[in-house]
Structures are given as structure tokens and as C-alpha cells.
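Structure at a glance
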Amino acid sequence: MEKPFKTIALIGKYNSPEIVTPLLKLADFLKARGINVLIDKLTGAHIKNSPYPIHELDDLGREAELAIVLGGDGTMLNIARTLAPHEVALVGVNQGRLGFLTDISLDTMYETISAILDGQCVTEDRMLLEGEVHRGAGRIADVLAFNDVVVSKGIEGNMAEMEVRIDGEFIYHQRSDGLIVATPTGSTAYALSAGGPIVHPALRVISLVPVSPHTLSNRPVVVGSDSVIEIIMRSDSDARVHFDSHSHYVLSEGDRILIKRYPHTISLLHPVGHSYYRMLREKLNWNRE
């Protein structure tokens, strides 16, 4: 059964004019199948006299059922955050190097996307995190994260001191270089380099991974996705909070960061035969003797 994708958005890697040629060829391919094609505004800035309508990302989310992203994992992260409220499915095409999120190559793009449009695909729902930063009685930030929310020490180099609560219950006080709160998707990003576990994306859990903690008793903790995590800053050491390394805010003593699962998910469409474990073997070189 063919998937009912009547309108598809094409999004290229930010500030990469070289992506325009394969993107327009893909647009022509989709048009030949009777599909309405839209192009995002930042990509469209590199196209003179575009034969396809150009829209802001939010408008694409309201009009398209599927977005095909040509770029790397970083591009997919940015697009996923923006399109998550609209529940638009995503397909990732890499520019030559296999990504954790972009697993279709330019060389096989047409045949793979054709199969996906015919309903021959694997659908994978990924969770996101919703983070809030509170200062006093006010809320100074409300940001989505696909990979992680990270509290880190500031440029002065002093350890960040924080109190961690889960569902209102005190868990521990920590002095460290930071704390990573990661989705299963983010378990193979910064959290992995900090010693956190690799978490299969089908699981609905949140990982808390300390970064160089002062005491070895502070270990990674995995909690259910319905948990509400609260981080309270206990020192004024120029600490910062980062959301997918995209948005960041300088923290002060007494600031509170609330983190919980975002109610919407992102659907990633993969080719038939997609294997998360095979991707890990290739990305992490587990297939080498």
C-alpha cells in the first residue's frame, strides 16, 4: 500500500550551496511521481528562480506530510526540533558518510526514496525532551532537545554544583564538569563519550550521565520517560545549560532546570532491512577484527 505523501518538503544542510543540485534533481524526481514539492527558505536562498515554492520551516510543518533532509545528523537534529510539533515524518540523506540519523546515501537516494513512497520502509518513533529554565518566579527558557539537555561548567573552569531531583524526590548532590540528560537518540552522542550506556531508540527512557564527577559514586542513572527531572544550581560558577548544543543559557545560583518527555515524537523512515545494530557496528567499528 502506497503511503499518502501528497506534499513533501525538501531541506538541505544549512549554508551548503553544493546541496542544491542533488536537491533539485530529487525535487524533479518527486514531481514526476505527482507529488507537491516544497523547499525550505534557507535552502531556497541558494536557488535562483526556484521552480518550487519556498517556505519557512514552520509553514513546511503545517503543509507537508514528509520532510526529506539532505545533510548530516546535525541538520536532522535541528529540523526534528522544529517539525516535532507538526508530527511530520523525516527521511535523512547523508552526503557521503553514514550517520546515526541519516542512513540513506546520495548514490541510492532515488531507489530508496521510491521504495519508501511505495510503503516499503521501517518506521521508527523517537522521543524528545522538553526543558524549562526557571529563575525566581519566572521562566526564562522553554526549549526542545532531540539528543540531550546538558548542564556544564562555565568558561572559568570551576566545577558545577547541582542538586538533582526526580519526580520531586531528592536523588543526589553533585560536583562535576556537568550532567547530561539524554534521550535514547542522544545516548550515542555526548553521553556516550562521557561513559553513558547505549540505549536502543525503541526504549522510552531518559539517561542521566555525569561528566567527570568529583566522586566515583556519581554514576549514570536510567529512568522512565514519565519522570520529571529537576536540576537546581547550588553555586554561581558561570555554569550553562545547552539544548542539543544549539541553544544555551548562562545559569545562576538557585536556577532550576525542569526536564521531561515532550508529548510528540518524531517518526524516522528507514529503508527496508534497516538495522540499528548494523548501524552501530559500522559507526563504532565493531565489525573490525
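Calculation notes
- Residues numbered from 1 in each chain as written.
- Predicted model: local features only at pLDDT ≥ 70, side-chain atom pairs only at ≥ 80, totals over all residues.
- Heavy atoms only, no water.
- Helix = DSSP H or I, 4+ residues; strand = E, 2+ residues; numbered from the N terminus.
- Polar contact = N/O pair within 3.5 Å; in protein donor to acceptor, adjacent residues only side chain to side chain.
- Contact = heavy atoms within 4.5 Å.
- Axes fitted to C-alpha atoms, helices over the stretch in contact; angles between N-to-C directions.
- Parallel < 35°, antiparallel > 145°, perpendicular 65-115°, else oblique.
- Left-handed = near helix turned anticlockwise from the far one by under 90°.
- Nonpolar A, V, L, I, M, F, W, Y, C, P; charged D, E, K, R; others polar.
- Pairing = 2+ DSSP bridges.

Examined against the element boundaries, Thr43 turns out to sit in helix α2 (residues 41–44). At 2.4 Å, the side chain of Thr43 and the side chain of Asp40 are in polar contact. If sequence neighbours within four positions are ignored, Thr43 has contacts with Ile11, Gly12, Val20 and Leu23.

This part is about the packing of helix α1 (residues 20–32) against helix α5 (residues 109–117). Relative to each other, α1 and α5 sit at 40°, their axes nearing to 11 Å. Comparing their axes, α5 and α1 come out oblique. Classified by chirality, the crossing of α5 by α1 is right-handed. Facing Pro22, Lys25, Leu26, Phe29 and Leu30 of α1, the residues of α5 in contact are Met109, Tyr110, Ile113, Ser114 and Leu117. Taken together, the residues of the contact of α1 with α5 sort by class into eight nonpolar, one polar and one charged.

Overall, antiparallel pairing links the six strands, which are arranged β9-β8-β19-β16-β11-β12 in an open sheet. Each of the sheet's edge strands pairs with one partner strand only, and the pair in question is β9 (138–145) and β12 (169–176). Put simply, the sheet's adjacent strands are angled 20° from each other on average, direction ignored. One ladder, built from seven bridges, connects strand β11 (residues 160–166) with β12; its direction is antiparallel. Bridge assignment links Ala160 to a residue of β12, and that residue is Ser176.

What follows is about unusual backbone geometry. Residue Asn49 is not a glycine yet carries a positive backbone phi of 55°. Tracing the backbone through its elements, the reader meets Asn49 in the loop between α2 and β3 (54–55). A positive phi is found at Asn285, a non-glycine position, where the angle reads about 60°. Structurally, the position occupied by Asn285 is in the segment after α7 (276–283).

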